[in-house]
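Chain and residue survey
So the chains spell out like this:
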Amino acid sequence: MPNNSTYRLPLIGPPGSGKGTYAERLARRFDIPHIATGDMLREAVKNGSKLGEKVKQYLDKGELVPDDVMIEVIRDRLARDDAQKGFSLDGFPRTLEQAKMLDETMGAMDADFDYIFYVWASPDEIVERTVDRVQCENCGKVYNLKNNPPAKDNVCDVCGGKVYQRDDDTEETVRRRLDVYEEKTRPIIEHYSNHSRFFKIYTGGPVGVAEVEMLKIIDETGRDE
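As the structure is a prediction and not an experimental result, all values here were calculated from the model.

1. Details of the packing of helix H4 (residues 67-78) against helix H5 (residues 96-108)
Running from N to C, H4 and H5 cross one another at 35 degrees; their axes reach a closest spacing of 10 Å. When the axes of H4 and H5 are compared, the crossing they make is right-handed. In this structure, H4 uses Asp67, Asp68, Ile71, Ile74, Arg75 and Leu78 to contact H5, whose residues at the interface are Glu97, Gln98, Met101, Leu102, Thr105 and Met106. Split into classes, the residues belonging to the contact of H4 with H5 amount to 6 nonpolar, 2 polar and 4 charged.

This is the structure:
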């Protein structure tokens, strides 16, 4: 890998395509933070800042955090010291408007994305993967009962918390999410498809295969000096 590189890596794609899994793996590989939307929101609330209080108002009501507040959370997180070398961004942007706001934020930082990975799998593969998905109720770590189960049944490898399956991880709900994705999120792919570092990665196979493909792309393209 080239020296003095930055690794600003947003991962975009349909729900269940593996964005979180690969964002986490790339973060470990390059020693950069894995920035996930849910984690950011929970941390903002926990910190008790003015921004966190804004976020809490919406979460307490069960409402979606609006774009203008969400982008504040993103800006705050990307400005931290640990993100200056890069980050893997998971779960944002979800709409074209959010993508444009994120572009403006990167521009204000005089920065650009080093690689944009669009991760995808077929709807049937996503359904099969998602109905086998479980996660830790404490730290949010996600597992797959077939491909990546916790070492001990129902116990998180990371924190020892209880592992459970979400009530909405059913085939009907997953297919509905995919329909919403096609309507709301697909335009993001079109928005970024002309970026010079946009890459489409198939994630329907073994995790290691797609990860190797991403690392090969990064290794071969390097970072423009």
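2. Focus on the nonpolar core
Core analysis: the largest hydrophobic core is formed by 31 residues, its most contacted members being Ile12, Ile74, Phe87, Leu102 and Tyr192. At the level of secondary structure, the elements contributing two or more residues to this core comprise helix H2 (37-47), helix H3 (50-60), H4, strand S3 (86-90), H5, strand S4 (116-120) and helix H8 (186-192). Counting residues per element, this core draws most heavily on H4, at 6 residues. When neighbours within four sequence positions are excluded, tyrosine 192 is seen to be in contact with Ile12, Pro93, Ala99, Leu102, Asp103, Phe113, Ile116 and Phe198.

3. Quick notes on the sheet that holds strand S5 (residues 133-136)
Ordered in space as S6-S5-S7, the 3 strands form an open sheet in which the pairing is antiparallel. Two strands bound the open sheet, and with one partner strand each, they are strand S6 (142-144) and strand S7 (163-164).

4. Digging into the sheet that holds S3
Within the open sheet, the 5 strands sit side by side as S2-S3-S1-S4-S8. Their pairing is parallel. Pairing within the sheet leaves two strands with one partner each, and these edge strands are strand S2 (34-36) and strand S8 (198-202). Between one strand axis and the next, the sheet turns by 25 degrees as a mean value, whatever way the strands run. Summarising the sheet, strand S1 (residues 7-12) and S3 pair through 5 bridges and their orientation is parallel. When the sheet's bridge partners are listed, tyrosine 7 is paired in S3 with glycine 86. Where helix H9 (residues 207-221) meets the sheet, it contacts S1, S4 and S8, and its direction lies at approximately 155 degrees from that of S8.

Here is what the cut-offs are and how they apply
- The residue numbering used here restarts from 1 in each chain and proceeds along that chain's sequence as written.
- Local features in this predicted model are restricted to residues whose pLDDT is 70 or higher, and side-chain atom pairs enter the listing and the counts only when it is 80 or higher, whereas totals over whole chains, interfaces and linings include all residues.
- Neither water nor hydrogens contribute to the side-chain values; these are computed over all heavy atoms in the structure.
- In this description, a line fitted to the C-alpha atoms serves as the axis of each element, helices being fitted only across the stretch in contact, and the angle between N-to-C directions of two axes falls anywhere from 0 to 180 degrees.
- Strands here mean DSSP runs of E at least two residues long; helices mean DSSP runs of H or I at least four residues long; both are numbered from the N terminus.
- A clockwise turn of the near helix away from the far one marks a right-handed crossing, whereas an anticlockwise turn of less than a right angle marks a left-handed crossing.
- Here, two residues are considered to be in contact whenever any of their heavy atoms come within 4.5 Å of each other.
- Residue polarity follows a fixed list, in which Ala, Val, Leu, Ile, Met, Phe, Trp, Tyr, Cys and Pro are nonpolar, Asp, Glu, Lys and Arg are charged, and the others, Gly among them, are polar.
- We call a set of buried residues a nonpolar core when its members are Ala, Val, Leu, Ile, Met, Phe, Trp, Tyr or Cys and they connect through side-chain atoms within 4.5 Å of each other.
- For the exposure calls, accessible area comes from a 1.4 Å probe over protein chains only, and a residue counts as buried if that area is under 20% of its type's maximum, exposed if over 50%, partly exposed in between.
- Following DSSP output, two strands are said to pair if at least two bridges run between them.

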